Amino acid sequence: MRLAALPLALLCLSPLPLAVFSAAVEAQSITVDDPRVRAVPPGSTTTAAFMTLSNPGETDLALVGGRSPLAVTLELHNHVMVDGVMQMRRVEAIPLPAGETVHLAPGGWHLMMFDLAAVPVEGERVELTLTLDNGERLVVEAPVRRLKPMEMIKGEETGKHSAH
Ligand SMILES: [Cu+2]
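Since the model is a prediction, treat every value here as computed from it, not as a measurement.

Reading the values: the criteria
Residues numbered from 1 in each chain as written. Predicted model: local features only at pLDDT ≥ 70, side-chain atom pairs only at ≥ 80, totals over all residues. Helix = DSSP H or I, 4+ residues; strand = E, 2+ residues; numbered from the N terminus. Buried ≥ 20, exposed ≤ 12 C-beta atoms within 10 Å, placed from the backbone. Pairing = 2+ DSSP bridges. pLDDT = per-residue confidence, 0-100. Contact = placed C-beta atoms within 7 Å. Core = buried A, V, L, I, M, F, W, Y, C linked by C-beta atoms within 7 Å.

### What to know about the overall build of the protein
Part 1: The secondary structure content of the protein amounts to three helices and 10 strands.
Part 2: From first element to last, N terminus to C terminus, the protein shows the α and β order α-α-β-β-β-β-β-β-β-β-β-β-α.
Part 3: Relative to its full complement of 164 residues, the protein shows a buried share of 24%.

Encoded structure:
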């Protein structure tokens, strides 16, 4: 009986390290579309990153942090209306409800990057590491882009927002 039990135990164990490894490298539970970092004028010390996050699973998730070699500090931000004035607020998490798509876009949720190591220039790519509340991490490469006219118009229509 012992001889028979051993291979079975090995079979059960062997897929585990692989699963742990892939979860640490790349999040399986969400998808990231159209990541982008805003190109900013020379001398700027802050910028923002935007993207579309989809959670096709059946478990509510949340983006709880991030980092980038471009910035000393990366914060999760939202814009909220306070006494009729749009203000930017730091948040602990950006909810990613099951089955939903969340847009990080100008005037709404965004990743705020402070104390830039270099001014991001259009055409460059910026590495972003996103952390989910389930412990998964996802590394994405976001191209640096200027804000599209459409995005600026959208921002002006929904309310005044700051330069990012
Ligand atoms: Cu911000």
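Additional details are given in the paragraphs that follow.
### Re the pairing of strand β4 (residues 71-82)
Part 1: In the sheet, β4 pairs with strand β8 (residues 110-116) via six bridges, with the strands oriented antiparallel. Residue pairing in the sheet places H77 in a bridge with H110 of β8.
Part 2: Note: β4 against strand β5 (residues 85-90), six bridges, orientation antiparallel. Of the residues in β5, the one forming a bridge with M81 is M86.

### A few points about the confidence of the model for the protein
Part 1: Mean pLDDT over the protein works out to 82, with 73% of the residues at or above the 70 mark.
Part 2: When pLDDT is averaged over each element of the protein, strand β6 (residues 94-96) comes out on top at 98 and helix α2 (residues 15-25) at the bottom at 44.
Part 3: Every residue in residues 1-26 scores below 50 in pLDDT, and together they form four contacts with partners more than four places removed in sequence or on other chains.
Part 4: Across residues 153-163, confidence stays below pLDDT 50; counting only partners more than four residues off in sequence or on other chains, it has 14 contacts.

### Examining the pairing of strand β3 (residues 61-67)
Part 1: Examined bridge by bridge, β3 and β6 share three bridges and lie antiparallel to one another. Looking at the pairing, L61 lines up with L96 of β6.
Part 2: Pairing of β3 with strand β9 (residues 125-132), which is carried by four bridges, proceeds in the antiparallel orientation. Across the sheet, residue R67 finds its bridge partner in β9, namely T129.

### Comments concerning unusual backbone geometry
Part 1: Even without glycine at this site, D83 takes up a positive phi of about 50 degrees.
Part 2: In this structure, D83 sits in the loop between β4 and β5.
Part 3: Although it is not a glycine, D115 sits at a positive phi angle of roughly 55 degrees.
Part 4: Its place among the elements puts D115 in strand β8.
Part 5: The exposure class of D115 is exposed, given the 11 C-beta atoms found within 10 Å.

### Considerations on the environment of G57
Part 1: With respect to the helices, strands and loops of the structure, G57 is situated in the loop between β2 (47-54) and β3.
Part 2: For the pair G57 and Q28, spaced 29 residues apart in sequence, the C-alpha separation works out to 9.6 Å.
Part 3: In this view, G57 contacts S29 and A98; residues no more than four positions away in its chain are not counted.

### Some details on the nonpolar core
Part 1: Within the largest apolar cluster, 26 residues are counted, with the highest numbers of intra-cluster contacts made by A49, L53, L63, L96, L111, M113 and V126.
Part 2: Beyond its immediate sequence surroundings of up to four residues, M113 is in contact with T46, T47, A48, A49, S68, L70, A71 and L74.

### Focus on the environment of P120
Part 1: Its place among the elements puts P120 in the loop between β8 and β9.
Part 2: Setting aside anything within four residues of it in sequence, one finds P120 in contact with V37, A39, V40, T47, L70, V126 and V144.

### Some thoughts on the environment of R137
Part 1: Following the sequence through the fold, R137 ends up in strand β10 (residues 137-145).
Part 2: For the pair R137 and G66, spaced 71 residues apart in sequence, the C-alpha to C-alpha distance is 8.8 Å.

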